[in-house]
Amino acid sequence: DAAAVAGVGRAQPLEPFPGASFFHGGRHSPIITALGRRLVALGFGRYYKTGPGPNWTNADKNAVAAFQRSKPDLAGDADGIPGPKTWAALKVPKS
């Protein structure tokens, strides 16, 4: 049917949480790009001068921290590193 073809009503597969230790300087991954694009889509893109791209940078960390501060249940630990609760709230689409 047309709805199935258009993907309407289907949940997009989400990227599984890679673990907090995944997010560090020097990390290069399409998951970082997917995270950055999700942050931009949610309105937290002002930290990116270029990109987002596959390298974990201070722009990513600052955007994650801003997202965390925007959520009352995450604001107390707004360190810019996605933990399991932050990752679940972000709903990063599978890259």
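Residues numbered from 1 in each chain as written. Predicted model: local features only at pLDDT ≥ 70, side-chain atom pairs only at ≥ 80, totals over all residues. Heavy atoms only, no water.

Chemist: Is there a simple way to explain the pattern of salt bridges in this structure?
Modeler: Once the charged atoms of two side chains with opposite charge are near each other, the side chains can pair. Applying the stated criterion across every chain, the model contains 1 salt bridge. In this structure, Lys-94 engages Glu-15 in a salt bridge whose closest nitrogen and oxygen atoms are separated by 3.9 Å. Residue Lys-94 is found in the segment after helix H4 (84–90), and its partner Glu-15 is found in the loop between helix H1 (2–6) and helix H2 (30–41); the two are separated by 79 residues along the sequence. (Salt bridge = Lys/Arg side-chain N within 4 Å of Asp/Glu carboxyl O. Helix = DSSP H or I, 4+ residues; strand = E, 2+ residues; numbered from the N terminus.)

Chemist: Any chance you could explain unusual backbone geometry here in plain terms?
Modeler: The phi torsion of most residues other than glycine is negative, and most of the peptide bonds are trans. Note that the residue after Gly-51, namely Pro-52, is joined by a cis bond; omega there is 15°. The residue Lys-91 is not glycine, and still its phi comes out positive at about 55°. Within the secondary structure, Lys-91 sits in the segment after H4.

Chemist: How do you make sense of the confidence of the model for the protein chain when you look at a structure like this?
Modeler: When pLDDT drops low, the exact placement of atoms in the prediction is not to be read closely. Per-residue confidence for the protein chain averages 91 on the pLDDT scale, and 89% of its residues sit at or above 70. This model gives residues 1–7 a pLDDT under 50, and the stretch forms 2 contacts once residues within four places in sequence are excluded. (pLDDT = per-residue confidence, 0-100. Contact = heavy atoms within 4.5 Å.)

Chemist: How should helix H3 (residues 58–70) be read in this particular structure?
Modeler: For an α-helix, the turn length of 3.6 residues means that residues three or four places apart are oriented alike. Between its first and last C-alpha atoms H3 spans 18 Å; for 13 residues at 1.5 Å apiece the expected length is 18 Å, and the two agree. Along H3, the residues that are buried comprise Ala-59, Asp-60, Ala-63, Val-64, Ala-65, Ala-66, Phe-67 and Gln-68. Lining the buried residues of H3 we find H2 and H4. Two or three places before Ala-59, at the opening of H3, Thr-57 has a side-chain oxygen 3.2 Å from that residue's backbone nitrogen. (Expected span 1.5 Å × (residues − 1). Buried < 20%, exposed > 50% of the residue type's maximum accessible area, 1.4 Å probe, protein only. Polar contact = N/O pair within 3.5 Å; in protein donor to acceptor, adjacent residues only side chain to side chain.)

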